[in-house]
Amino acid sequence: MSSAETIHVDGVWRAAASGAQREVLDPADAKTLAVVSEGGADDTDAAVAAARRAFDGGQGVWPRTPVAERAALLRRVADLLQRDREEIALTESRDTGKTLEEGRTDVDCVTDAFRYFADLVVNEGGGRVVDAGSDTVHSVVVHEPVGVCALITPWNYPLLQASWKVAPALAAGNTFVIKPSEVTPLSTVLLMKLLVEAGLPDGVGNLVTGAGDPVGARLSEHPDVDLVSFTGGLASGTKVMQAAAPTVKKVALELGGKNPNVVFADACATDEDFDTAVDQALNAAFIHSGQVCSAGSRLIVEESVRDRFVAELARRAAKIRLGRGTEDGVECGPLVSAQQLDKTEAYVASALAEGATLRCGGAQPEPDEVRPAGGYFFSPTVLDHCHRAMKVVREETFGPILTVEVFRTEDEAVALANDTEYGLAGAVWTKDAGRARRVAGRLRHGTVWINDFHPYLPQAEWGGFGKSGTGRELGPAGLAEYREAKHIYQNLAPEPVRWFAG
């Protein structure tokens, strides 16, 4: 396989039918990192056709493969991920700009996801028996695979998001076509290689590298695709849903968030508590340069501790070490692209024009020995005196920008936190257990952390309210997305009904 043969269809690695290629850029210096195939509609159709054959074919195809064998393959993939942990983590770091340690963490989380879904399907029963009220009737609800799944993943966590889709899709017995972001496709190519090495039958898993239009658009509208699972921005997700509507296929969308981090004064009562809350606020906002759908980009802090909290937060944010993610000591890498850099600069400019106070950051840092010239670096930025009318507070910035809002009462804190069209995640910091439960219960977000930020569990559902999307990933509901429920009603003693006289 040459370096540009990154399309995988029916067990064969190939170049794009058109011969087109795309350069993948290193965000640390804007130089070419790799060259991949630029797939189009023809490649997409071929991949869907292969997945359709693998799903609808004769005896031995994936949907009819015993659950234990499907689970065993997922476990082999998990083992291979750990075998190649350093290579994959390095690829993810170079492609996305995140630190190498973040890349290693991603590989471990992907491993956990494959093992979780393997365990989940193996330990299931044989369906839900339904009491029909008669000894002569056997009634059971079983779950079957949806069919051909189109899996469209984002650029910020390409490997992680691929695993959240591929693992449950395969565990449930589906076939798939995956389209990674054209900006960061490299780790998905590596994952597909591991799936092949683990013994995935030809056609069950297919990969098309290429742009959202035409590849993602074609997958969304394709009549032979039974489900589309998309993670990305709101505008693109809306287009996916519109394209899928005429064929009435299943659609699962994870569309990001504008996530509040609510800090009550009692969470800062001691120096140790204060240090923890500030440290976690930094982690919430600036991990992966803020390019996280669940980033705590909105700090909502109680007025009595606001000045001290923001001053210390800005002081520490200004000391975050920026650089190439593979360099030792680097804490935060570059933004993923020139487009994302321009977007971040525009958000800061709009915030300042609308009256925000810049506490730190707000510009690109000067190049140095670990920040090459041409890289897409932007300094961690804290914007004080923000309010809900500001664009930077309303919209998902997907950059290293933290806005600060203040509250005086619990009701005001909840109102601010819920005043968003998104609803993916949020956090509340308090020593008052009763308040913690009350606020967590009132927050309209799919994940709520109490005195923490960012952890997730593969066995717990992930997804949002409102414009953060539809459906769930991970957990039992994440497997259910890739299944159809079927009711089988068996009459053990059939006899004439005599409804009609004859």
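Residues numbered from 1 in each chain as written. Predicted model: local features only at pLDDT ≥ 70, side-chain atom pairs only at ≥ 80, totals over all residues. Heavy atoms only, no water.

How we decide: UniProt positions are given in the numbering used here, feature names are shortened, and annotations may be inferred rather than shown by experiment.
For the protein, the name recorded in an unreviewed UniProt entry is Aldehyde dehydrogenase family protein, with Streptomyces aureoversilis as its organism. In UniProt, the protein has this text filed under Pathway (unreviewed entry): "Amine and polyamine biosynthesis; betaine biosynthesis via choline pathway; betaine from betaine aldehyde: step 1/1." As stated in UniProt under Sequence similarities (unreviewed entry), the record for the protein gives "Belongs to the aldehyde dehydrogenase family."

1. Some thoughts on the packing of aromatic side chains
Heads up, the condition is: The aromatic pairing rule takes the rings of Phe, Tyr and Trp, using the six-membered ring of Trp, and pairs them if the centres are within 6.5 Å, calling planes under 30 degrees apart stacked, those over 60 edge-to-face and the rest tilted. Think of it this way: any DSSP run of H or I at least four residues long counts as a helix, any run of E at least two long counts as a strand, and we number them from the N terminus. Remark: exposure states derive from per-residue accessible area (1.4 Å probe, protein chains only) relative to the maximum for the residue type, with buried under 20%, exposed over 50%, and partly exposed in between.
Within the structure shown, the criterion is met by eight aromatic pairs. A centroid spacing of 6.2 Å and a plane angle of 65° characterise the contact between Trp164 and Trp462, whose relative ring orientation is edge-to-face. Of this pair, Trp164 sits in helix α5 (residues 158–171) while Trp462 sits in the loop between β18 (447–450) and β19 (469–470), placing them 298 residues apart in sequence. Judged by its relative accessible area of 4%, Trp164 is buried. Ring geometry for Phe274 against Phe309: centres 5.9 Å apart, planes inclined by 85°, an arrangement best described as edge-to-face. Linking Phe274 in helix α9 (residues 271–286) with Phe309 in helix α10 (residues 303–317), this pair joins segments that are 35 residues apart in sequence.

2. Points about the pattern of salt bridges
Convention followed: Within this document, salt bridges are pairs made up of a side-chain nitrogen of Lys or Arg and a carboxyl oxygen of Asp or Glu, the two lying within 4 Å of each other.
The final tally for this structure, using the stated rule, is 40 salt bridges. Two residues, Asp10 and Arg53, come together in a salt bridge whose shortest N-O distance is 3.2 Å. Of the two residues, Asp10 sits in the loop between β1 (7–9) and β2 (12–14) while Arg53 sits in helix α1 (residues 41–56), which places them 43 residues apart along the sequence. Where Arg316 meets Asp275, a salt bridge forms, and the shortest distance between an N and an O atom there is 2.8 Å. Here the residue Arg316 occupies a position in helix α10, and Asp275 occupies one in helix α9, the gap between them amounting to 41 residues. What makes Asp275 partly exposed here is its relative accessible area of 36%. Salt bridges sharing partners connect three or more residues here, namely Arg85, Glu86, Glu101, Arg104 and Asp108.

3. Notes on the packing of α5 against helix α6 (residues 186–197)
Going by this rule: The axes are straight lines fitted to the C-alpha atoms, using for helices just the contacting stretch, and the angles between their N-to-C directions are given from 0 to 180°. Left-handed describes a crossing whose near helix is turned anticlockwise from the far helix through less than a right angle; right-handed describes the clockwise counterpart. Two residues form a contact once any of their heavy atoms are found within 4.5 Å.
Close contact between α5 and α6 brings their axes to 9 Å; oriented N to C, the two are set at 35°. The interaxial crossing formed by α5 with α6 has right-handed handedness. Residues Pro158, Leu159, Ala162, Val166 and Leu170 of α5 form the contact with α6, whose participating residues are Ser187, Thr188, Leu191 and Leu195.

4. Topic: the packing of helix α4 (residues 100–122) against α5
Geometry of a packed helix pair, given as the angle between the helix axes and the separation of the axes. Our working rule: Angle categories: roughly parallel below 35 degrees, roughly antiparallel above 145, roughly perpendicular from 65 to 115, and oblique for all the rest. Ten residues, namely Ala, Val, Leu, Ile, Met, Phe, Trp, Tyr, Cys and Pro, are considered nonpolar, four, namely Asp, Glu, Lys and Arg, are considered charged, and the remaining ones, Gly among them, are considered polar.
In the contact formed by α4 and α5, the axes pass within 9 Å of each other and the chain directions differ by 15°. With respect to α5, the element α4 is oriented roughly parallel. The handedness of the crossing between α4 and α5 comes out as right-handed. When α4 is examined against α5, the residues Asp106, Val107, Cys109, Val110, Ala113, Phe114, Phe117 and Val121 are found in contact with a partner set consisting of Leu159, Leu160, Ser163, Trp164, Val166, Ala167, Pro168 and Ala171. Grouping the constituent residues of the contact of α4 with α5 by class yields 14 nonpolar, one polar and one charged.

5. Some words on the nonpolar core
The criterion, for reference: Working definition of a nonpolar core: buried Ala, Val, Leu, Ile, Met, Phe, Trp, Tyr and Cys residues. They are joined through side-chain atoms within 4.5 Å.
With 94 residues, the main nonpolar core has Leu81, Phe114, Phe117, Leu170, Phe176, Leu195 and Phe309 as its most contacted residues. Ranked by the residues each element gives to this core, the list is headed by α4, at ten residues. In terms of nonpolar packing, the next biggest core, distinct from the first, is built from 21 residues, Ala16, Ala150, Ile152 and Val208 among them.

6. Points about the environment of Gln364
How we decide: Counted as a polar contact is a pair of N or O atoms within 3.5 Å, where, for protein atoms, one must be capable of donating a hydrogen and the other of accepting one, and residues adjacent in sequence contribute only when both atoms are in side chains.
Inspection of the secondary structure assignment puts Gln364 in the loop between β14 (357–360) and β15 (381–384). Each C-alpha atom of the pair Gln364 and Gly375 lies 9.6 Å from the other, and the pair is eleven residues apart in sequence. The contacts of Gln364, once residues within four sequence positions are left out, are Leu341, Glu345, Gly375, Phe377, Phe378 and Ser379. A polar side-chain atom of Gln364 sits 2.8 Å from a polar atom in the side chain of Glu345.

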